[in-house]
Amino acid sequence: MNKQPMSQKTFRDTDMQAVIGWILRLGVLLSMSIIFIGGVIYLYRHGQAIANYHTFKGIPDFVHNIHGILNGIITFRGQAIIQAGIILLIATPIIRVIFSAIGFVLEKDYLYIGITILVLLIIMASMLSGHAG
Amino acid sequence: MMSVIVLTLILFIGSYFAGLLGSLTGLGGGFVIIPLLTLVLHVDIHYAIGASLVSVIATSSGSAAAYVKEGITNIRLGMFLEIATTAGAMVGALIAVYIPTNFIAILFGIILITSAIMSLRKKAELINQEKNLLAEKLKLNSSFPTPNGPVNYTVKNVGGGFFMMGFAGIISGLLGIGSGALKVLAMDTIMRIPFKVSTTTSNFMIGVTAAASAVVYLQRGYIDPGLSMPVAIGVLLGALSGSKILVHTNSSGWLRWVFAVVVTFLAVQMIYNGFIGKI
């Protein structure tokens, strides 16, 4: 482990752990609050509607693309707000990986900069392949 | 036929208990959520997988935040193995479209039983200190804090563990679960990592793994906001309560058995319904 004296202000593993913990906590807290607010609006407006998830038919258009979601947030549509929260929640661990990459850059750990970038590329490939499918 | 508000309440309460049991036993909430949605509430399995995946990201990120700060999680090991789990998750999510839903249900049942049996295993804490060239090159060897000071450990069979992680990733992407039991198996039995480290590092990886397949499912319309909302909130709150209980009691032995029985029952139901084509 790193045993540098405190006066030598270098970025260490423990700093990275603190930053990662902080990002994960903030991401979950923020996205869950957004999902909750969206949920309250959704239930207030559509609580009495009939729920039907028996057959798979995808999700409504206005929560399926970024444009629709942004539009839905402005017009206060509960489902659009929930979906925005869910996207932030999914982004949270990915943001964590980006910050790990920055951490490895500060530690000058080139092997792990490479490994972290590879993980990010795989997630990006997954995102693009889902779009094509 | 059920109104949205009634379904939401049932889902919230069910998810709370799923999260509670999942955290007490270490199996994760997805294992109860998918049978609850498909068998009890007759929700299409695609929506169930989407909602479960969202709850998996919430709980693993929430608890990873706490573990990381304690310094037990091996971040480099997690990062390295995430290459395998995210690639596997991508493959799993992509092939899920071409696999009949009844096969997915049967596979779910099999993985469920396997994980339940593994969670009952006796855990002997062993510290591996053999030298391993690849583990050294990859800087995977580390130490973790104990009341008697930090304990050093080394990692064994890097290739085997990496391969097993790829498999865990495929299962996670295919079924919408964290597959934490498979990840712990890879690190425990194959790579000989101390139990405390393997559990927390596995949990650390689950969020990224689930996110890699969630980006596919999000675009395919599997993640429905109305359904995912009570599931994600319920499972997260349940998991938080579970971690509070774990701190105060040590007698979770009988609870593991209760859960194993419940899980086996659910698994048999999933397999049966898969075979008769009802899922």
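Residues numbered from 1 in each chain as written. Chains lettered and ligands numbered in written order. Predicted model: local features only at pLDDT ≥ 70, side-chain atom pairs only at ≥ 80, totals over all residues.

J.: Before we go on, may I ask you to explain the overall build of chain B in this structure?
T.: Scanning chain B from terminus to terminus reveals 11 helices and 3 strands. Helices (α) and strands (β) of chain B occur, in sequence order from the N terminus, as β-α-α-α-α-α-α-β-β-α-α-α-α-α. Taking 19 Å as the expected radius of gyration for a compact globule of 279 residues, we find that chain B reaches 18 Å, a close match to that expectation. With respect to the three principal axes, the spread of C-alpha positions in chain B is 60 × 40 × 30 Å. Among the 279 residues that make up chain B, the fraction classed as buried is 59%. In chain B, the proportion of contacts linking residues at least 24 apart, taken out of those at least 6 apart, comes to 80%. (Helix = DSSP H or I, 4+ residues; strand = E, 2+ residues; numbered from the N terminus. Rg over C-alpha atoms; globule rule 2.2 N^0.38 Å. Buried ≥ 20, exposed ≤ 12 C-beta atoms within 10 Å, placed from the backbone. Contact = placed C-beta atoms within 7 Å.)

J.: Looking at this structure, how should I read the overall build of chain A?
T.: Looking only at helices and strands, one finds 4 helices and 1 strand in chain A. In sequence order, chain A lays out its α and β elements as α-β-α-α-α. A compact globule built from 133 residues would reach a C-alpha radius of gyration of about 14 Å, whereas chain A, at 20 Å, exceeds it by more than 25%. For chain A, the spread of C-alpha atoms along the three principal axes comes to 65 × 35 × 25 Å. In chain A, once contacts between residues fewer than 6 apart in sequence are set aside, the share between residues at least 24 apart is 57%.

J.: Teacher, can you tell me more about the nonpolar core here?
T.: One broad rule of soluble globular proteins: the nonpolar side chains tend to lie buried together. One finds V54, I57, A211 and A214 of chain B to be the most contacted residues of the largest nonpolar core, which totals 124 residues. With 14 residues, the top contributor of residues to this core is helix α3 (residues 45-70) of chain B. If we skip the residues at most four places from it in the chain, A214 of chain B touches I90 of chain A together with L53, I57 and I223 of chain B. (Core = buried A, V, L, I, M, F, W, Y, C linked by C-beta atoms within 7 Å.)

J.: What should I look at first to understand the interface of chain B and chain A in this one?
T.: Reports of interface size often rely on the accessible area that becomes lost once the parts have come together. Taken together, the contact pairs 56 residues of chain B with 57 residues of chain A. Only β1 (2-3), α1 (4-25), α3, α4 (75-96), α9 (195-220) and α10 (225-248) of chain B provide two or more residues apiece to the side of chain B that touches chain A. Across the side of chain B that touches chain A, the residue classes tally to 36 nonpolar, 14 polar and 6 charged. In the sheet, strand β1 (residues 50-51) of chain A pairs with β1 of chain B via 2 bridges, with the strands oriented antiparallel. Residue pairing in the sheet places I50 of chain A in a bridge with S3 of chain B of β1 of chain B. (Nonpolar A, V, L, I, M, F, W, Y, C, P; charged D, E, K, R; others polar. Pairing = 2+ DSSP bridges.)

J.: What should I look at first to understand unusual backbone geometry in this one?
T.: Of all residues except glycine, most have a negative phi; of all peptide bonds, most are trans. All names here are of chain B. Notably, H42 is not glycine yet its phi reads approximately 55°, a positive angle. As for its placement among the helices and strands, H42 is situated in the loop between α2 (30-40) and α3. Of note, the phi angle at S179 is positive, near 40°, even though the residue is not glycine. Residue position: S179 is located in the loop between α7 (158-175) and α8 (180-190).

J.: What's the story with helix α1 (residues 13-46) of chain A in this structure? I'm lost.
T.: The α-helix winds at 3.6 residues per turn, so residues separated by three or four positions along the chain end up facing the same way. With 34 residues, α1 of chain A extends 48 Å between its outermost C-alpha atoms, agreeing within 8% with the 50 Å of an ideal straight helix rising 1.5 Å per residue. Of the residues making up α1 of chain A, those classed as buried are I20, I23, L24, G27, V28, S31, M32, I34, I35, G38, G39 and Y42 of chain A. (Expected span 1.5 Å × (residues − 1).)

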